[in-house]
Amino acid sequence: MPFDPVQLEYSRLASFYDRRWSFYVQATVQETAQRLTIQPSEQVLDLGCGTGTLIHHLLAQVPEASYVGLDSSPEMLRVARQKLPEAVRLYQGTAEQLPFPGECFDVVLSTNAFHYFREPAQALQEMNRVLKPSGRLVITDWCHDYWTCRVYDWLLRWFDRAHFRTYGTQDCQALLLKEGLRSVVIERYKIDWLWGMMTAQAMKGAIASER
Ligand SMILES: C[S@@+](CC[C@H](N)C(=O)[O-])C[C@H]1O[C@@H](n2cnc3c(N)ncnc32)[C@H](O)[C@@H]1O
């Protein structure tokens, strides 16, 4: 049994994650996809891909693009594998240490996973590193600007060992700029009375060692 609290949580959740979180996942995936334009020739990486819903959605829109998913939970990846065609490569790993060479993706995406990343700056550095020059980064996650999210964050910090922390639009912008990303645009929105979300878009900037 894994002792990492995130892996433990998702090993328990994987078999019913899609059913339990259906509304939330579909709504956030749609909000993310509608802010994206993917070209058929592009290489796309989904970090914290979970059961593969975002890739599944994008495949229906742009089937010619190449999709790669990475997640730390083998059980979530097992569900994703059943949903996605063989051509989609799936990796077990962590966002903070990506098993890919530099400058190999046109687009890096992540939905509903950033609040788990124990080392957010390191994860952003890795996203920046694997992006091609002028590559795009799109991250959707909970937004601390909404009071409902602040309350939920506070409760989860006490009661859920897998949870790490949420961010507001200003924290998120500061993190992205600090890691050298540029053209940062962050939109916040609600998908219902509870879930206050944000989608951050940015482009590859200079990597830390070049600054
Ligand atoms: C709430 S689920 C989101 C899954 C999917 N992106 C979605 O929107 O349905 C969070 C996912 O992030 C993964 N995760 C958490 N921390 C991670 C990390 N440091 N590196 C890679 N994956 C991570 C979890 O295993 C889980 O599958």
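Up top is the structure.
Criteria and cut-off values
Residues numbered from 1 in each chain as written. Predicted model: local features only at pLDDT ≥ 70, side-chain atom pairs only at ≥ 80, totals over all residues. Heavy atoms only, no water. Helix = DSSP H or I, 4+ residues; strand = E, 2+ residues; numbered from the N terminus. Contact = heavy atoms within 4.5 Å. Core = buried A, V, L, I, M, F, W, Y, C linked by side-chain atoms within 4.5 Å. Buried < 20%, exposed > 50% of the residue type's maximum accessible area, 1.4 Å probe, protein only. Salt bridge = Lys/Arg side-chain N within 4 Å of Asp/Glu carboxyl O. Pairing = 2+ DSSP bridges. Axes fitted to C-alpha atoms, helices over the stretch in contact; angles between N-to-C directions.

Here we look at the side chain of H163
1) Next: In this fold, H163 is placed in the loop between α7 (147–159) and α8 (169–178).
2) Next: Ignoring sequence-local partners within four residues, the contact set of H163 consists of H115, Y116, R118, W142, D153, L156 and R157.

Quick word on the nonpolar core
1) Next: Formed by 67 residues in total, the largest nonpolar core has its most connected members in L45, Y67, V108, M127 and L137.
2) Next: Beyond its immediate stretch of four places on either side in the chain, L137 contacts V108, L124, M127, L131, L176, L181, A200, Q201 and A202.

Comments concerning the pattern of salt bridges
Proximity of charged atoms lets side chains of opposite charge pair with each other.
1) Next: Scanning the entire structure with this criterion turns up nine salt bridges.
2) Next: Across the pair R35 and E187 runs a salt bridge whose closest N-O atoms are separated by 2.9 Å. One end of the pair, R35, is in the loop between α3 (22–33) and β1 (43–47); the other, E187, is in strand β6 (residues 182–190), and 152 residues separate them in sequence.
3) Next: On the basis of relative accessibility, which here comes to 18%, the residue R35 falls in the buried class.
4) Next: Owing to a relative accessible area of 31%, E187 belongs among the partly exposed residues under this scheme.
5) Next: With its nearest N and O atoms 3.2 Å apart, the salt bridge here joins R157 to D153. Of this pair, R157 and D153 both sit in helix α7, four residues apart, which is roughly one turn of that helix.
6) Next: For D153, a relative accessible area of 3% corresponds to the buried category.

Concerning the sheet that holds β6
1) Next: Taking strand neighbours across the sheet as the criterion, the seven strands line up as β3-β2-β1-β4-β5-β7-β6 in an open arrangement whose pairing is mixed. Whereas interior strands pair on both sides, the edge strands pair on one side only; in this sheet they are β3 (89–92) and β6. Strand-to-strand, the axes of this sheet are offset by a mean angle of 15°, without reference to chain direction.
2) Next: Note that strand β2 (residues 66–71) and β3 share four bridges and pair parallel. Along β3, the bridge assignment pairs L70 with Y91.

Worth remembering: the numbers are spatial, not functional.
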